[in-house]
Structures are given as structure tokens and as C-alpha cells.
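One letter stands for each residue in the lines below.
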Amino acid sequence: MKCRRCKAPAVMDIRRHNASFCATCFLHHCTEQVRRTIDDFKMIAPGERVLVAVSGGKDSLALWDLLLDMGYEADGLYLGLGIGEYSDESGRMTRAYADKRGAKLIEVDLRDDYGFDIPSGSKAARRVPCSACGLSKRSLFNKAALDGGYDVVATGHNLDDEAAVLFGNVLRWSTDYLGRQLPVLPGEHGFPRKVKPLVRLGEREMAAFCVLKGIDYIVEECPMAAGNKHIGYKEALNAIEETSPGTKHAFYFGFVDRTHARFAAEAVPQGGDLGRCDRCGAPTTAEVCAFCRLVERAAAP
Amino acid sequence: MKVLLRNPRRELDVPGPLRVNALLAQLDLNRESVLVIKGDTLVTGDAMLADDDSVEVRPVISGGAA
């Protein structure tokens, strides 16, 4: 195969674009897709400070790399989850990347700072690990962004992530979630704006980006996520994509461009009708926010 | 050829020559879900793999996005 742009030997094929690229042109393609996404959805204004949620995985490190190369003031936030060797390794990868780029990395450790980790916390709170993890991440990313005066939180959700979440929400007709599933969530009620600049790129492309840029990322799957519903949805969508390239893109962007508005009225805004958490002051619909309740249960003897 | 697979990490011997897409079909792997790295270079689906190549088949699906 030859590169679509320069006709050099290709290293990466993208079947949904019916295109192949050499290394240089593939990296250019990724940058252009992210630039277009940021512009189209008005994700980041000039001069705004960005906090990138980094996990040591391919998507978040690629996102951080792209934003830094594009000239954004982008600092990283790493959350130590306490998931054994997996967390140790992902922390090492993240720190190594930050050192290599001379980028600022903020670290929060669940065990040191809040007295629990995901394995023990999820058990104590009777939540599945991915639920306790997601709740902790959302809460602590919001807090770190507000404490640090960041305008935007950027996450490495890619096309495959968003298509899989959409698939799950459609299967259950979770209209409140469908109403707020967009590549950008406006800042409101004391929450920072949330953006997903990788939604035009698939996870195969993000892994290729890291390989070609020499970014070491954790290839192993999170042991607590293995076999979860979300991965099952991705496998189902990939089985369809194999015979019908472009289906994931058409599914997700068909929703964003043509269908989302029908569910907008049912969207639960970030935080709903908000008061402040009695414990931490975060915006919440209850007296005590869900994260503080998780901390309380996880710390109970 | 030596084929390194991940999650769990293991190594297989597969006779070559073989195209990348044929290797993935033989391993019953969806090409949307993996990258193939020959030596230290990414290769496309039509690339030919020789009997003495070392190849990594790297899964790209990550999960847990709550």
C-alpha cells in the first residue's frame, strides 16, 4: 500500500477512510483531525488553560502529546487508583512521558489523599470497580481543574469509546445520558468545560500514533475492567466494522449531528439542580456528594 | 515467524511467508482490534511477513470508560 498523501510506502491503513498513510502523513492526519474537532466544537479558545486527564494509556498520552505539539498550555493530571502493578506501571509511564516532554504533571493518589483504593472502595461501596473509578475520576478531575484555575478538562475518549457508550445508551434507551453525550460539555454550575478532542480518531489510530511517536504506554488492560460491558460493546461494533468500514463513525456522528437534539430536553445537566456538598463544597443534588459518600463508605471499618 | 500476542502475553510460531491479513485471519483476530508491528515498524494489512520475521500483534481495545 502507498501513502494517500505522498505515495511513500504506507505503515498504517484506515479502512473507514479507504486510506493508508506513511508515518509522517499519518501523524499529520491525526493532528488535522484533532484540530478540526477542537475548531468545529469550539472546545478550547486561544489562551485557555487545559487540564488533561492522563492515565498512562495510549489515548490520554496521545491527547496530551497532540495538545502540547499544537501549542496549548496543557498540564496533566494523574489519579493513582491503587490497582496493584497495573497502577504502578501506568504511573511510571505517565511520569516518564511528563519528564521527557518537560510537561507539568499534577498527581492525586486515592490511597494517600482519600484513604482508599479502587479495589477496596468499590467493595465497600458495593459498586462495580469501573463505577467507583469513574465516579472518583469525575469528581477529582473537576476539583483539580477548579483548584488549579483551569478552563477546560480534556479527556482521551476516542471514536470507539464514544460509539460504545452510545451503543449501550441506545440499547437501554437511557435518554438522560443520550441527551448529554456530546464531544463538548459546557462549563456550568461550578463545573469546568469537558472536551473530547479525539472523537474523530479510532483507538487503533491512537495506538498507532503512540507507536510512531515513540510514546510508551501501558498496553495491558486494566485487570478490573477486563470483560466489562463496555469492552463487549466495542467488540460487537468492531465485528460490524470489519465487514462495513465506517459504521462506527456514521453511528456516532449521525447521532451528534442529526439526532442528539431530540434528547437534549431530557439531559441531566452537569450536577442537575445544584446545591453544594456539605463535606467538600462540590456542586451536587444531594446534601453530600456521591464521591464523599464513597469515601465515607470506603473508610468505614 | 515468531508472533508475540498480548493480554495474556504469549509467543507462537507461525510458518511464513504470509500476509498480515492472512495471519490475523489464521489467529481469528479482528484487524479493527489490533495493530501489527514487524520488528519496530507498523505494517499494513497487505504487508508480507517472512518466516524469519518477529511480529507483535498488539490489541488496541481498552475499557472501563465509566
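Just so it is clear, the model here is predicted, and its values are computed rather than measured.

Cut-offs applied
Each chain has its residues counted from 1, running along the sequence as written. Chains and ligands are labelled by the order in which they are written, letters from A for the one and numbers from 1 for the other. Predicted model: local features are reported for residues with pLDDT of at least 70 only, side-chain atom pairs are reported and counted for 80 or more only, and whole-chain, interface and lining totals are derived from all residues. Note: side-chain values were computed over all heavy atoms of the structure, leaving out hydrogens and water. Any Lys or Arg side-chain nitrogen found within 4 Å of a carboxyl oxygen on Asp or Glu counts as a salt bridge. Each residue gets one of three labels from its accessible area relative to the maximum for its type: buried under 20%, exposed over 50%, partly exposed in between, using a 1.4 Å probe on protein chains only. A patch is a set of surface residues, each over 30% in relative accessible area and not in a salt bridge, joined within 9 Å for like charges and within 5 Å for the nonpolar side chains Val, Leu, Ile, Met, Phe, Trp and Tyr. Areas reported here follow the Shrake-Rupley algorithm with a probe of radius 1.4 Å; residue values treat only the protein chains shown as occluding. Charged residues are defined narrowly, with Lys and Arg counted positive, Asp and Glu counted negative, and His plus the chain ends left uncounted. Lysine's charge is taken at NZ, arginine's at CZ, aspartate's at CG and glutamate's at CD. Numbering of helices and strands runs from the N terminus; a helix is a DSSP stretch of H or I covering at least four residues, while a strand is a stretch of E covering at least two. Two strands qualify as a pair provided DSSP detects at least 2 bridges between them. Two aromatic rings, drawn from Phe, Tyr or Trp (for Trp, its six-membered ring), form a pair once their centres lie within 6.5 Å of each other, and the interplanar angle then sorts them: stacked below 30 degrees, edge-to-face above 60, tilted otherwise. One number per residue, pLDDT, summarises how confident the predictor is, and it ranges from 0 to 100. Contacts were defined at the residue level, with two residues in contact if any of their heavy atoms lie within 4.5 Å. To obtain an axis, a line is fitted to C-alpha atoms, over the contacting stretch when the element is a helix, and the angle between two such axes runs from 0 to 180 degrees between their N-to-C directions. Accessible area, probed at 1.4 Å, shrinks when two parts are joined; the buried area is that loss added up over both. Polar contact criterion, stated in full: a pair of N or O atoms within 3.5 Å, where within protein one must be able to donate a hydrogen and the other to accept it, and residues adjacent in sequence count only if both atoms are side-chain atoms. Here the term charged refers only to Asp, Glu, Lys and Arg, the term nonpolar to Ala, Val, Leu, Ile, Met, Phe, Trp, Tyr, Cys and Pro, and the term polar to all other amino acids, Gly among them.

Attention now goes to the pattern of salt bridges. All names here are of chain A. Evaluation of the coordinates by the stated rule reveals 31 salt bridges over all chains. Residues R111 and D117 are paired through a salt bridge, measuring 3.2 Å at the closest nitrogen-oxygen approach. R111 sits in the partly exposed class, given a relative accessible area of 45%. Taking relative accessible area as the criterion, D117 reaches 13% and is therefore assigned buried.

The grouping of R126, R127, R138, R293 and R297 of chain A at the surface amounts to a positive patch. Among the structural elements, R126 of chain A can be located in the loop between α5 (118–125) and α6 (129–148).

Turning next to the sheet that holds strand β4 (residues 34–38) of chain B. Residues and elements named next belong to chain B. Spatially, five strands are ordered β2-β1-β7-β4-β5 in an open sheet, and the strand pairing comes out mixed. Two strands in the sheet have a free side with no partner beyond their single neighbour: β2 (10–13) and β5 (41–42). Where strand β1 (residues 2–5) lies against β2, four bridges are found, and the strand directions are antiparallel. Within β2, the residue paired with K2 across the bridge is D13.

The subject of this paragraph is the packing of aromatic side chains. All names here are of chain A. All told, the structure shown has eight aromatic pairs over all chains when counted by the stated rule. Judged by centre distance (6.3 Å) and plane angle (50°), the rings of F116 and F291 are tilted. Linking F116 in the loop between α4 (110–114) and α5 with F291 in helix α12 (residues 290–299), this pair joins segments that are 175 residues apart in sequence. By relative accessible area, which is 1% here, F116 ends up buried.

Here the focus is the confidence of the model for chain B. On average, residues of chain B score 92 in pLDDT, and 95% of them reach the 70 mark or higher. On the interface metric, ipTM, the complex scores 0.95, and its pTM is 0.94.

All right, on to the sheet that holds strand β7 (residues 184–185) of chain A then. Residue and element names in this part refer to chain A. In spatial order, the strands read β5-β4-β3-β6-β8-β7; together these six strands make up an open sheet with mixed pairing. Each having just a single partner strand, β5 (105–109) and β7 make up the two edges of the open sheet. Relative to strand β4 (residues 73–80), strand β3 (residues 49–54) is paired through six bridges, and the arrangement is parallel. Within β4, the residue paired with A53 across the bridge is L77. Of the strands in this sheet, β3, β4, β5 and β6 (152–154) touch helix α2 (residues 58–69), which is tilted by about 155° from β3.

Taken together, the contacts link 34 residues of chain A with 24 residues of chain B. Counting the surface lost from both chain A and chain B, the interface buries some 2,500 Å², and carbon and sulfur atoms represent 53% of this. Along the contact surface separating chain A from chain B lie three salt bridges. The partner of E32 of chain B in a salt bridge is K248 of chain A, and the shortest N-O contact between them spans 3.9 Å. Scanning the region where chain A abuts chain B turns up twelve residue pairs in polar contact (both at pLDDT 80 or more). Going through the elements one at a time, β1 (12–14), α2, α6, α9 (203–213) and α10 (229–243) of chain A are the ones with two or more residues in the side of chain A that touches chain B. Its residues assigned to classes, the side of chain A that touches chain B shows 14 nonpolar, five polar and 15 charged.

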